[in-house]
Amino acid sequence: MAGIYIHIPFCKKACHYCNFHFSTSLKQQPSVISAIVKELELRQDFIGSDLVETIYFGGGTPSLLHKDEIERLLAALKAAFQVADDAEITLEANPDDLGPSKLEMLKSAGINRLSIGVQSFREADLQMMNRAHSADQSSSCLRNAQAAGFDNITMDLIYGVPGLSNKEWQENLETFFEFEIPHLSAYALTVEPSTALHHFVKTGKYPAPDEEASAQQFEMLSRLCTAKGYEHYEISNLALPGYRSKHNGNYWKGLKYLGLGPSAHSFDGRSQRSWNVANNAGYVRALSAGEACFESEDLTLEDRFNEYLMTGLRTEAGIDLEWIEQEFGTVWLQDLLEAAVVPIRDGLVLGKKNALKLSLQGKFVSDGLIADLFRIAEES
Ligand code: SF4
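The structure displayed is predicted, hence computed values, not measured ones.

Caption draft 1: How the structure looks around the layout of surface pockets. Roughly 490 Å³ of internal volume is contained in the second largest pocket. Lining the second largest pocket are 23 residues, and of these S245, K246, G249, N250 and K253 lie nearest its centre. Here the element with the most residues in the lining of the second largest pocket is helix α10 (residues 246–252); it accounts for 4 residues. For the lining of the second largest pocket, the per-class residue count stands at 7 nonpolar, 9 polar and 7 charged. Here the lining of the second largest pocket gathers at least three residues from each of two domains, domain 1 (2–251) and domain 2 (301–371).

Caption draft 2: Representation of the nonpolar core. Residues F57, F81, L114, L184, L221, L309 and I324 are the most contacted members of the largest nonpolar core, which totals 105 residues. A domain split of this core shows at least three residues from each of domain 1 (2–251) and domain 2 (301–371). Apart from the residues within four sequence positions on either side, L114 is in contact with L91, L98, L103, L106, A145, F150, N152, I153 and T154.

Caption draft 3: Inspection of the pattern of salt bridges at higher detail. For the structure on display, the rule yields 17 salt bridges. R244 is paired through a salt bridge with E231; the nearest N and O atoms lie 3.1 Å apart. Placement of R244 in the loop between β8 (237–239) and α10 and of E231 in strand β7 (residues 231–234) is noted, with a sequence separation of 13 residues between them. Take R244: its relative accessible area is 35%, and that puts it in the partly exposed class. Each of K12, D96 and D97 takes part in one network of salt bridges that share partners.

Caption draft 4: Broad picture of unusual backbone geometry. The omega torsion of the bond from G59 to G60 falls at 15°, within 30 degrees of zero and hence cis. Mapped onto the elements of the fold, G60 is located in the loop between β2 (51–59) and α3 (67–80). If you check the backbone angles, N130 has positive phi at about 65° while not being a glycine. Note that N130 resides in the loop between α5 (123–129) and α6 (135–147).

Caption draft 5: Highlighting the sheet that holds strand β14 (residues 349–352). Read from one edge of the open sheet, 3 strands run β13-β15-β14, paired in antiparallel fashion. Each having just a single partner strand, β13 (319–320) and β14 make up the two edges of the open sheet. In the sheet, β13 pairs with strand β15 (residues 355–358) via 2 bridges, with the strands oriented antiparallel. Residue pairing in the sheet places D320 in a bridge with A355 of β15.

Parameters at a glance
Residues numbered from 1 in each chain as written. Predicted model: local features only at pLDDT ≥ 70, side-chain atom pairs only at ≥ 80, totals over all residues. Heavy atoms only, no water. 1 Å grid on protein atoms, 1.4 Å probe; cavity = no way out; pocket = protein on both sides within 12 Å on 5 of 7 lines; lining within 4 Å. Points joined across faces, edges and corners; volume = space filled by probe spheres on them. Helix = DSSP H or I, 4+ residues; strand = E, 2+ residues; numbered from the N terminus. Nonpolar A, V, L, I, M, F, W, Y, C, P; charged D, E, K, R; others polar. Domains from an automatic or database assignment. Core = buried A, V, L, I, M, F, W, Y, C linked by side-chain atoms within 4.5 Å. Buried < 20%, exposed > 50% of the residue type's maximum accessible area, 1.4 Å probe, protein only. Contact = heavy atoms within 4.5 Å. Salt bridge = Lys/Arg side-chain N within 4 Å of Asp/Glu carboxyl O. Pairing = 2+ DSSP bridges.

Worth remembering: the numbers are spatial, not functional.
Here you go:
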C-alpha cells in the first residue's frame, strides 16, 4: 500500500502567512510538469509493485493546472504504478480557479476529492492574509463543486486571525455547516519565519495572533463540529463518518509515500526519508539531465520513536503502548510512561486502554507537549 504526493509549486499571489515552496511566476509551469513526469518514471522502483491507494495534488496551487497537464500526469502515474481502481485522488484548489467548466474537467479527468482553500468567509481576514479570492467566490465555488457532482470535499479554515472575534469564528463555522461539506481542516494562524506576516508583525504593521483567542476558537471548533456529527479525528482535521482523508491517514500510519515535484518529501515506510530540492529551476535542470535531485536521511531508532509520538498523539487513536514495547522495548516504554506522569496529572494527556492520547486542552499545546515526551539520543 502506498501514496503519491505531487507538489505543484505555483501560486497567483503570495499569501502573507505561507512558508510552502511556490513561485508566483508561472512561466516554468510547463517545464516543471514535464520534469515531474520524468521524475516519476525515474523513481518507479521506490513504489515497486505496491498498490497506490491515494494520489494527492498539493502545492502551491494545483488548480492552476490545465486539462492537458492533469491528464498527462494521471496517465503517467497510471502507466508507471499500479493505481487502485478506487484510489482517492485529491486536488487542492483555490476558490477563484474553480468555475463550472474547470470543475467538469477535473471530474472527467478522475479527480474524486477536492480540498478547497476557503480560509475564511470574512472579507477582512482574506485581505489580511492576501488571499487571491473573495468570500463570495468561495461560496459560489462550493456550490458549483457540489453541482458538478463532487461529494467528497474538504475545505480549509484558519482561526486565531487578529481581529477575528469568537462570534465571527462561529459564523464561519455556521457557514461551513450550511454547505454540508463532509470534511474540514482548520489551522491556527501561525507566524512562520521568513514570511511577509513575520515581517509585518515584527515591524508592528499587524498585531501578532493572540494565543488565548486561538485556544478559545480551537475549543469552539471541536465542540461545534462534534455537535454536528463531525469526528475530530486529528488535531487539525474533522470529518463526517466515512469522509476521513485516506491520504493523510496513511502518513500518520507511517506508510510509504513518494513525493514528486520541487520540495516534495518521500518516506520509504521503514526508516528513510528524502526531500527534493526546493527550487523550480534546479529541479527542472536536474531532471532534464536525467537525474533525480533529492537528499535523504536514515532515521535513527530515536527518530522513529519520536515521529511515532508526533503523528500518533495528534490522532484520535493516540499511541499504542503495546506496539511501542514491541518495537522499542520495555525500557523505552517505561521512560515514556514516566515522562507522561505530569501531563497526565495536569489533564493534558489521557491514559486509555494501553494507549495515550491528548485531551482537548493538550491538543492545543501539542507541539511543546509532545516534544517533552521525545527520546533524546544518548551521546556516544
Ligand atoms: S495559495 Fe496556498 S501555497 Fe499559495 S501562497 Fe497561498 S497558502 Fe501558500
